[in-house]
Every structure is written in C-alpha cells, then in structure tokens.
Amino acid sequence: MNNFKYFYILVLSLMFCCFSIHKSNAQSAWTKKKGELFSQISYTTIPNYSEIFNENEFFTSRSITDNTIQLYGEYGLNDNLTLLVNVPFKSIKTGDVIENSTLPLSIVEATETRIGNIQVGLKQNIYKGKFVLSGQLNVEANTSTSNLASGIRTGYNAWTFTPTLNIGKGYSNYYFQGFIGADIRTNSYSSNFRIGGEFGLTSIKKTTLAVFVDVVESFNNGDVVLPITSLETALYINNQEYGSFGLKGLYNFTDNFGVSAGFGGAFFANNVAKQAALSVGLFYKI
C-alpha cells in the first residue's frame, strides 16, 4: 500500500515539475491532511451539438462533439496546504453538415486529440472552527492547440490565474460549500468573475449526492481577435459566460475506491454550446 501511495505522489510531483505550475473539480473548502491523496480519472462529453448560446443564437455549419479525459489529483503537503493538479486530454470532432445552419459552411470535418490547459493549484486553510475557510490559487498553463480550418481549440490560448476564497460547513448527514473568485487571463482575453455553491447529502450508505450552481460573468475587458472558424465552434473563445447547475454523485465500493457521475446544464450562457455535459469517473484515495 505504501509503495502505491508513493507512486501517486511521484506522479503528481512529476506533473508539477514538467509543466512548471481547468475548470477543475469543485472548489472544495477543505484541505487534505498531510500525506492524504485523492486521485480521479474522469470522462466528460458534450455530444453532437450545433446550437450556440449567444445574444443572437445560431447553429454551427457542422455538428461538434467535445470529449475530455481528465486526470485530477489532490495531495496534502501538510494539514493546512493542499497541492492540486489537473491534466485534461481533449478529443474534439467537427462532423456532419447541419441542414438548418444559420452560417455558411466554413469549417472542415476533422478530429483533434490533444492536451488541453494543464492546471496546478495550491489551497491554504485560513480558518477551522464553526466553518472552514480557505484560499486557493490555480494556475492554468497555455498548453492547448488549435486548428484553423476546423475551428477546433483544445483550450484557451492564454495563461489563466484563478484566485478564490472557499467556505464550507459540514454536518453529520450533509454539507454546504461555496466559493467566490476570478479568472485572470493573458493574451488579451477578458477576465471573469466566478461564484458558486454546492449542497451535498452524505446520509445514504456509501453514497454522496450533491447539487451545485456555478456562475461565470465576463468583465469584457479583453480585445483578442480570433479566427471566424473559432468563433463558430465557440471552443474556448473570449467572453464566455454561463450560469450552470447540475447533479453529481459518488459511490464508494471501498473506503479507498469508488465511482463518480455528474450532469450539468445552464440556465443562461453566452458563447458556449447549448448542450448538457455528462461525466463519469473513477477515484482512489489514501
């Protein structure tokens, strides 16, 4: 068991060294205890979409499928400081021509499988008492790629710095947590304001069920110029905004191993796909 634990720690350390520093998992307020590890591999899909949220909603000229395999880990450097690493692998396809498209056919059929924006973060506990308060800083590297002809982008062509303040309170059968912060982007992208919250039930044997809300509002302070093909696919473009909601659940097969699943939609959005996201994952913790 100890060898397995040290292997996971080594993987996290190598990620940190190789990449110098998404949206990742929920902004939890709690830090890990020293030596504790949570790791997860997940698959998320936004399948076969063509409609884009916009003030003038439109249909793309081809259907688009956006798949992500994500490696995520948290490790307690000490009882109050946690290291976070998130590595997304993207597989995006522009496929069949859309008959009722509001745009001329301007993107080619293609599939791109590349790495996305790699993210590393630190979460520091500030207060433990009647509630938990922590500060977090995530740094998202400019490690994505793009294809001009298809409009496919696997991430933002920018570095992103995300400071947040996280708050949480746990009870015997349920918990609350929330966060407030910002995404600060380089390369003339707009930055944005973020706020969200989560309520979870832990009273069901081996199962945690939660509902969440996440809101992103652009400051509209960037003037990056992107190709028309990128604007059509709405993949990691400027001034993306949304108010999302969803359900997620965790089931523990053992104390250390389990499965996760989630669903997410939006009650408002701008410059993002008008399609729900579905995800499943496996997690291991020590």
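Note that the structure is a prediction, hence the values are computed from the model and not measured.

Reading the values: the criteria
- Numbers given to residues run from 1 along each chain, matching the order in which its sequence is written.
- The predicted origin of the model limits local features to residues at a pLDDT of at least 70 and limits the giving and counting of side-chain atom pairs to 80 or more, whereas totals for whole chains, interfaces and linings rest on all residues.
- The side-chain quantities take in all heavy atoms of the structure and omit both hydrogens and water.
- Helix and strand definitions here come from DSSP, where helices need a minimum of 4 consecutive H or I residues and strands a minimum of 2 consecutive E residues; each element is numbered from the N-terminal end.
- Buried residues are those whose accessible area, probed at 1.4 Å on protein chains only, stays under 20% of the maximum for their type, while exposed residues exceed 50% and partly exposed ones sit between those limits.
- All accessible-area figures derive from a Shrake-Rupley calculation using a 1.4 Å probe, and residue coverage is judged against the displayed protein chains alone.
- By definition in these notes, contact holds between two residues if any of their heavy atoms fall within 4.5 Å.
- One bridge is not enough; two strands pair if DSSP finds at least two bridges between them.
- In protein, a polar contact means a hydrogen-donor-capable atom and an acceptor-capable atom, both N or O and within 3.5 Å, with residues adjacent in sequence counting only if both atoms are side-chain atoms; elsewhere, any N or O pair within 3.5 Å suffices.

Engineer: Now, about the overall build of the protein chain: what can you tell me, with residues and values included?
Structural biologist: Across its full length, the protein chain holds 2 helices and 16 strands. Seen through its principal axes, the protein chain has C-alpha atoms that stretch 55 × 35 × 35 Å. In the protein chain, which comprises 286 residues, the proportion classed as buried is 48%. Roughly 13900 Å² of accessible area belongs to the protein chain as shown, and the carbon and sulfur atoms make up 61% of that amount.

Engineer: Could you give an account of the environment of Leu-133, naming the residues involved and the relevant values?
Structural biologist: Tracing the backbone through its elements, the reader meets Leu-133 in strand E6 (residues 132–140). Taking the C-alpha atoms as reference points, Leu-133 and Gly-168, 35 residues apart in sequence, are found 6.6 Å from one another. In this view, Leu-133 contacts Asn-125, Ile-126, Tyr-127, Leu-165, Asn-166 and Ile-167; residues no more than four positions away in its chain are not counted.

Engineer: With reference to specific residues and values, describe the pairing of E6.
Structural biologist: Burial within E6 is extensive, with 7 of its 9 residues counted as buried. In the sheet, strand E5 (residues 119–128) pairs with E6 via 9 bridges, with the strands oriented antiparallel. Note on E6: the bridge partner recorded for Gln-119 is Glu-140. The antiparallel pairing of E5 with E6 creates a hairpin that spans 3 residues between the two strands. The sheet contact formed by E6 and strand E9 (residues 160–170) spans 9 bridges and is antiparallel. Of the residues in E9, the one forming a bridge with Ser-134 is Asn-166.

Engineer: An account of the environment of Val-225 is requested, with residue identities and associated values reported.
Structural biologist: Inspection of the secondary structure assignment puts Val-225 in the loop between strand E12 (207–218) and helix H2 (228–233). Classification of Val-225 as exposed rests on a relative accessible area of 77%.

Engineer: Account for the pairing of strand E16 (residues 277–285), with residues named and values stated.
Structural biologist: Pairing geometry for strand E1 (residues 37–53) and E16, over 8 bridges, is antiparallel. Residue pairing in the sheet places Tyr-43 in a bridge with Val-280 of E16. Pairing geometry for strand E14 (residues 257–270) and E16, over 8 bridges, is antiparallel. Note that in E16 the partner of Gly-262 across the bridge is Ser-279.

Engineer: Mind laying out the side chain of Ser-28, listing which residues take part and the relevant values?
Structural biologist: Within the fold, Ser-28 resides in the loop between helix H1 (2–19) and E1. Polar contacts involving the side chain of Ser-28 include one to the main-chain amide nitrogen of Trp-30, which spans 3.3 Å. Those residues within four positions of Ser-28 in sequence are excluded, and the remaining contacts are Lys-123, Ser-134, Gln-136, Asn-166 and Gln-177.

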